[in-house]
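Observations on the three-dimensional arrangement
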Amino acid sequence: MSHTLGRYRRFTSNFQCSYSVYRALTRALHHGQRLSQNARAGWETVVGLEIHAQIASHSKLFSGAGTQFAAPVNNQVSFLDAALPGTLPVLNRRCAEIGVMTGLALGCHINRESRFDRKHYFYADLPQGYQITQQRQPLAEKGEIPYYFFVANDMKSPTKLSARIHHIQLEQDSGKSLQDPEQNMSLIDLNRAGMALMEIVTEPDFRSGEEAAAFVKELQLILTTIGACSGVMAEGAMRVDATVSVNKVGEPISTGVRVEIKNVNSIRGVAKAIEYEFSRHISLLEKGEKIANETRAFDAENVETISMRDKEKVHDYRFMPEPNLPPLRIYDNQTLSSDLSPDQVINVDEIRSSMAATPEERRLALQAKYGLSLEHCQVMLTSEGTEDFFTAVMNADTTRDIAIVYQLLFSILLSFTNEHKIPVDKSPVDIVKFGDTVDLLCSKRITYQVARNIFHQYFEAADNRPVEQMVDEEDWWIITDKTLIEEHCKKLMAESPKKVKNHKKGYRECGFHKAIVVRTQGRADPVLARQVVEENMGKFVKKK
Amino acid sequence: MTRFYVNISKMSTWMLTLNHRCLSSKVPAKPTWKQIDPSTLPKPTTIDEATISHLERLALVDFNNQEGIERLEKAIRFADQITLVDTTGVQPMDSVLESRNTYLRKDEVTEGNCKQEILKNAALVEEDYFVAPPGNIPLKKKEKSYRPKT
């Protein structure tokens, strides 16, 4: 089944009654602006997404088989997963809890009663002949999340957008097929069969591939933050289907023919597949050709979408209620009754209060507490452990300069931890050493170059001296002696008269301030060095 | 529907002769009969060739001949009687257990690690994989017609 079990949804954008008129109006206005921004030669695209996220559980959705990635072939298969007669599905509590948690994180209404249905397929990697899913009454519905859209090459102007979630359903994954066209057979591994998936279905709220990609990125961040999914797209833990339609600007979106792109497994791929499809539609439409309502696969290597021929036939899924599973009921503090056994109760209020903060909550908190910019918050949220490290450093001394802490953490410390492939909290530069270095920078007693040297000592030389002692013993204190810097400057001027000439005539800046820093092993105060060079050589003015 | 009641009646007669009591109050002790006017039923369904090949594909069953089609049409005709039952205000029922909650299992690995047993069922195995026919190949479309020529 090439492992997506998506299906077409109604593509009409129906505002929920709960949305106020004001909200609908502002959205419509904003929508109009976005359409014109993303339109190409009079055409615009509308995109809806279906994301299949593997639930981070130890065992499968309805069986006790394991869920490890890349386990030995066919070794994580229970009798139920192999569809042996006489087996029955039993719901994994953790999967239902994670479904509820995800619903809450995506602002959804959690249905107090949800049901399971069978959806029929004939595929060798689906031994039951059907997938257990939730078609009529899914676990969660009608959500909305904000996400940030950073314009390419312009990290300074993120736009806050919002996407509505149609619903979230729990369902089984299929097995994996390896096609061997040469020997004319396919090889089936059932390890993935029956693993728990959440299908997260959005409204058609995206106007470009980039917007859809930005949403998937935010969703990935949310799911990993709350521990619902590993989010590793390369392992297939998150797979994206996009439904794309293209219409003339000004015409209703329903005039575009919908095409579904299946199984995109990278964030860049989401943007590229949609943009490719947008262009393909435009070129066909401009030639007066018709768009086929079909399913296409994304070829990441050649960056194009290909028609999936075996999907041409309209599926008849023959949905029917799953008779072996009574409804899943979710309780809250009000509806909780004492005659229910606690291990058989999922309480939505309990889950809400024990949930990790969502990325949006964390961003807002960081912005409010430290005045960090949105981009900086985003960087902090997406590189693991940095937020805790940053907070710990700031908590130890709240007067520290946030800009210096941020700069030292992201420009210097992270370059070391990334190179050594260790998390920030396992760094040899602990919070105390980092904080001491920050304080020396704040009081202008060392330069950034020296800070880098200090970290280099800790990482490469297994040095364990306290920061001040190291700086003292190595004689790394900042050079603020103007006469010493002037000496260096004079020397440089005497050495390269050509550079001096070019500088003075406005051809090329001499860059002596950098040379002075290098000649002092990074100890010269760079601001002072620049000032001295300017005093001796004059300010560089480029000749027109 | 008529046939259904006859069967039930046979069963309850059998139970009565054996035990002289009715085991379930929901099962009528005596059969009831009701003549159904065929004109109140929906129009009889005729099955076209496309439907047959679609059904054959779904059910992986070959209808094979005209007799099979007639049997199917008769079965649909028989089932048409159910449309006469008044279900206004009655919620459809998925299962007799739907007033209960689904059982919740602890998230523990208790099964699997039984590759040998699982693969015992395979007709063909290669490097621990099940071997299946390639891709999703639709059943070959048959060219023969089941409809008698008129």
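Just so it is clear, the structure is predicted and the values come from calculations on it, not from any experiment.

The helix and strand inventory of chain A stands at 16 helices and 17 strands. Considering only residue pairs separated by 6 or more positions, chain A has 71% of its internal contacts joining residues 24 or more positions apart. Counting every atom, chain A has about 25,200 Å² of accessible surface; 52% of that belongs to carbon and sulfur.

Residue and element names in this part refer to chain A. Structurally, Thr447 can be placed in the loop between helix H10 (431–442) and helix H11 (448–460). Judged by its relative accessible area of 5%, Thr447 is buried. At a separation of 2.5 Å, a polar atom in the side chain of Thr447 contacts the main-chain carbonyl oxygen of Gly522.

We now examine the environment of Lys444 of chain A. With respect to the helices and strands, Lys444 of chain A occurs in the loop between H10 and H11. Between the C-alpha atoms of Lys444 of chain A and Thr480 of chain A, which are 36 residues apart in sequence, the distance is 9.6 Å.

Looking now at the sheet that holds strand S2 (residues 125–126) of chain B. One open sheet holds the four strands; their spatial order is S9(A)-S10(A)-S3(B)-S2(B), and the pairing between them is antiparallel. The sheet is open, and its two borders are formed by strand S9 (176–180) of chain A together with S2 of chain B, each paired with just one other strand. Where S9 of chain A lies against strand S10 (residues 185–189) of chain A, five bridges are found, and the strand directions are antiparallel. Of the residues in S10 of chain A, the one forming a bridge with Asp180 of chain A is Met185 of chain A.

What follows covers unusual backbone geometry. Residues apart from glycine generally show negative phi values, whereas peptide bonds are mostly found in trans. Backbone geometry at Lys142 of chain A places phi at a positive 55°, although glycine is not the residue there. Relative to the elements of secondary structure, Lys142 of chain A occurs in strand S7 (residues 140–150). A relative accessible area of 51% means that Lys142 of chain A is categorised as exposed. The backbone phi angle of Asp128 of chain B is positive, close to 70°, even though this residue is not glycine. Within the secondary structure, Asp128 of chain B sits in the loop between S2 and strand S3 (129–132).

Right, let's get into the sheet that holds strand S16 (residues 320–321) of chain A. Residue and element names in this part refer to chain A. One open sheet holds the three strands; their spatial order is S6-S5-S16, and the pairing between them is antiparallel. Edge strands, defined here as strands with exactly one partner in the open sheet, are strand S6 (130–133) and S16. Where strand S5 (residues 117–120) and S6 come together, four bridges link them in antiparallel fashion. Paired with Asp117 across the strands is Thr133, a residue of S6.

Here we take up the confidence of the model for chain B. All names here are of chain B. Per-residue pLDDT for chain B averages 76, and the proportion of residues at 70 or more is 73%. When mean pLDDT is taken per element in chain B, strand S1 (residues 104–105) scores highest with 96 and helix H1 (residues 2–19) scores lowest with 48. This stretch, residues 1–9, has a pLDDT under 50; its non-local contacts, to residues over four places away or in other chains, come to twelve contacts. Counted against residues more than four places away or in other chains, residues 137–150, with its pLDDT under 50, gives 23 contacts.

Residue and element names in this part refer to chain A. In total, this model carries 13 aromatic pairs over all chains according to the counting rule given. An angle of 90° between the planes, with centres 5.1 Å apart, marks the rings of Tyr370 and Phe390 as edge-to-face. With Tyr370 in helix H6 (residues 359–370) and Phe390 in helix H8 (residues 386–396), this pair connects stretches of sequence that are 20 residues apart. Each member of the pair, Tyr370 as well as Phe390, is classed as buried. The structure contains a cluster of three or more aromatic residues connected by ring pairs, namely Phe389, Phe416, Phe434, Phe455 and Phe459. If you follow Lys119 out to its NZ or CZ, it ends over the ring of Tyr317, 4.3 Å from the centre.

Residues at a pLDDT of 70 or more form 90% of chain A, whose mean pLDDT is 85. Of the regions scoring below 50 in pLDDT, residues 1–26 of chain A engages in 78 contacts with residues more than four places distant in sequence or in other chains.

Looking now at the packing of H6 of chain A against helix H7 (residues 374–382) of chain A. Residue and element names in this part refer to chain A. The contact between H6 and H7 brings their axes to 10 Å, and the two run at 130°. Accordingly, the angle class assigned to the pair H6 and H7 is oblique. Between H6 and H7 lies a crossing whose hand is right-handed. Where H6 abuts H7, its residues Pro359, Arg362, Arg363, Leu366 and Gln367 lie against Leu374, Cys377, Gln378, Met380 and Leu381. Partitioned by chemical class, the residues of the contact of H6 with H7 number six nonpolar, two polar and two charged.

On to the nonpolar core, then. Ranked by size, the top nonpolar core spans 69 residues in total, and within it Leu49, Met198 and Phe215 of chain A carry the most contacts. Contact partners of Phe215 of chain A, with chain neighbours within four places excluded, come to Leu49, Ile51, Ile145, Tyr147, Ala163, Ile165, Thr202 and Phe206 of chain A.

Taken together, Met93, Val96 and Leu97 of chain B make up a surface patch of nonpolar side chains, about 330 Å² in accessible area. Here Val96 of chain B falls in the exposed class, since its relative accessible area comes to 71%.

In this section: the environment of Ser266 of chain A. Residue and element names in this part refer to chain A. On the secondary structure map, Ser266 appears in the loop between strand S13 (259–264) and helix H4 (267–286). Residue classification places Ser266 among the partly exposed residues on the basis of a relative accessible area of 29%. Each C-alpha atom of the pair Ser266 and Gly236 lies 9.2 Å from the other, and the pair is 30 residues apart in sequence. Of the polar contacts made by the side chain of Ser266, one reaches the backbone nitrogen of Gly269; its length is 2.9 Å.

Moving on to the interface of chain B and chain A. Each partner contributes residues to the interface: chain B has 40 residues there, and chain A has 55 residues. In total, about 4,100 Å² of surface goes out of reach between chain B and chain A, with carbon and sulfur atoms giving 55% of it. On the chain B side of the interface with chain A, the three residues burying the most area are Leu104, Arg105 and Asp107 of chain B, jointly 19% of the side's total. Inspection of the region where chain B meets chain A yields three salt bridges. On the surface where chain B and chain A come into contact, there are 25 residue pairs in polar contact (both at pLDDT 80 or more).

To continue, consider the packing of helix H3 (residues 209–225) of chain A against H6 of chain A. All names here are of chain A. Look at H3 against H6: their axes get within 9 Å of each other, and the N-to-C directions meet at 95°. On the basis of their axis angle, the class for H3 and H6 is roughly perpendicular. Residues Glu218, Leu221, Ile222 and Thr225 of H3 form the contact with H6, whose own contacting residues are Pro359, Glu360, Arg362 and Arg363. Across the contact of H3 with H6, the residue classes break down as three nonpolar, one polar and four charged.

As a further point, take the pairing of S5 of chain A. Residue and element names in this part refer to chain A. Neither face of S5 is exposed, since Asp117 and Lys119 on one face and Arg118 and His120 on the opposite face are all buried. As defined by bridge partners, S5 adjoins S16 across two bridges and the pair is classed as antiparallel. When the sheet's bridge partners are listed, Asp117 is paired in S16 with Pro321.

Taken together, the side chains of Lys498, Lys501, Lys505 and Lys543 of chain A present a region of like positive charge at the surface. Along the chain, Lys505 of chain A falls in helix H14 (residues 497–505).

About the thresholds
In this convention, every chain numbers its residues from 1, walking through the sequence in written order. Chain letters start at A and ligand numbers start at 1, both assigned in the order the entries are written. Selection of residues for local features in this predicted model requires a pLDDT of at least 70, selection of side-chain atom pairs for listing and counting requires 80 or more, and totals for whole chains, interfaces and linings are taken over all residues. Water and hydrogen atoms were dropped before computing side-chain values, which therefore reflect all heavy atoms in the structure. Runs of E in the DSSP output that reach at least two residues are strands. Runs of H or I that reach at least four are helices, and both are numbered from the N terminus. Here, two residues are considered to be in contact whenever any of their heavy atoms come within 4.5 Å of each other. With residues, only the protein chains shown are counted as cover, and all accessible areas are computed by Shrake-Rupley using a 1.4 Å probe. Working definition: with a 1.4 Å probe on protein chains only, accessible area under 20% of the residue-type maximum means buried, over 50% means exposed, and in between means partly exposed. Here a polar contact is recorded for every N or O atom pair within 3.5 Å, except that within protein the pair must consist of a potential hydrogen donor and a potential acceptor, and residues adjacent in sequence are included only if both atoms are side-chain atoms. DSSP bridges decide pairing: two strands pair if at least two such bridges lie between them. Predictor confidence is given residue by residue as pLDDT, running from a minimum of 0 to a maximum of 100. Stacked, edge-to-face and tilted are the three classes for Phe, Tyr and Trp ring pairs, Trp counted by its six-membered ring, which pair at centre distances within 6.5 Å; planes under 30 degrees apart are stacked, over 60 edge-to-face, the rest tilted. Two conditions define a charge located above a ring, namely a distance within 6 Å from the ring centre to NZ of Lys or CZ of Arg, and an angle within 35 degrees of the ring normal. A fitted line through C-alpha atoms serves as each axis, taken over the contacting stretch for helices, and the angle formed by two N-to-C directions is quoted from 0 to 180°. For classification purposes, an angle smaller than 35 degrees is called roughly parallel, one larger than 145 roughly antiparallel, one from 65 to 115 roughly perpendicular, and anything else oblique. Crossing handedness is defined as follows: a turn of the near helix away from the far one that is anticlockwise and smaller than a right angle gives a left-handed crossing, while the clockwise case is right-handed. Each residue gets one label: Ala, Val, Leu, Ile, Met, Phe, Trp, Tyr, Cys and Pro are nonpolar, Asp, Glu, Lys and Arg are charged, and the others, such as Gly, are polar. For the purposes of this section, nonpolar cores are sets of buried Ala, Val, Leu, Ile, Met, Phe, Trp, Tyr and Cys residues that join through side-chain atoms within 4.5 Å. Exposure above 30% relative accessible area and no salt bridge define the residues that can form patches, which grow by joining like charges within 9 Å and nonpolar side chains of Val, Leu, Ile, Met, Phe, Trp and Tyr within 5 Å. Just to be clear on terms, a salt bridge is a Lys or Arg side-chain nitrogen sitting within 4 Å of an Asp or Glu carboxyl oxygen. Defined in terms of a 1.4 Å probe, buried area is the accessible area two parts forfeit on being brought together, summed over both. Counted charges follow a simple rule, with Lys and Arg positive, Asp and Glu negative, and His plus the chain ends left uncounted. A charge is said to be at NZ when it belongs to Lys, at CZ for Arg, at CG for Asp and at CD for Glu.

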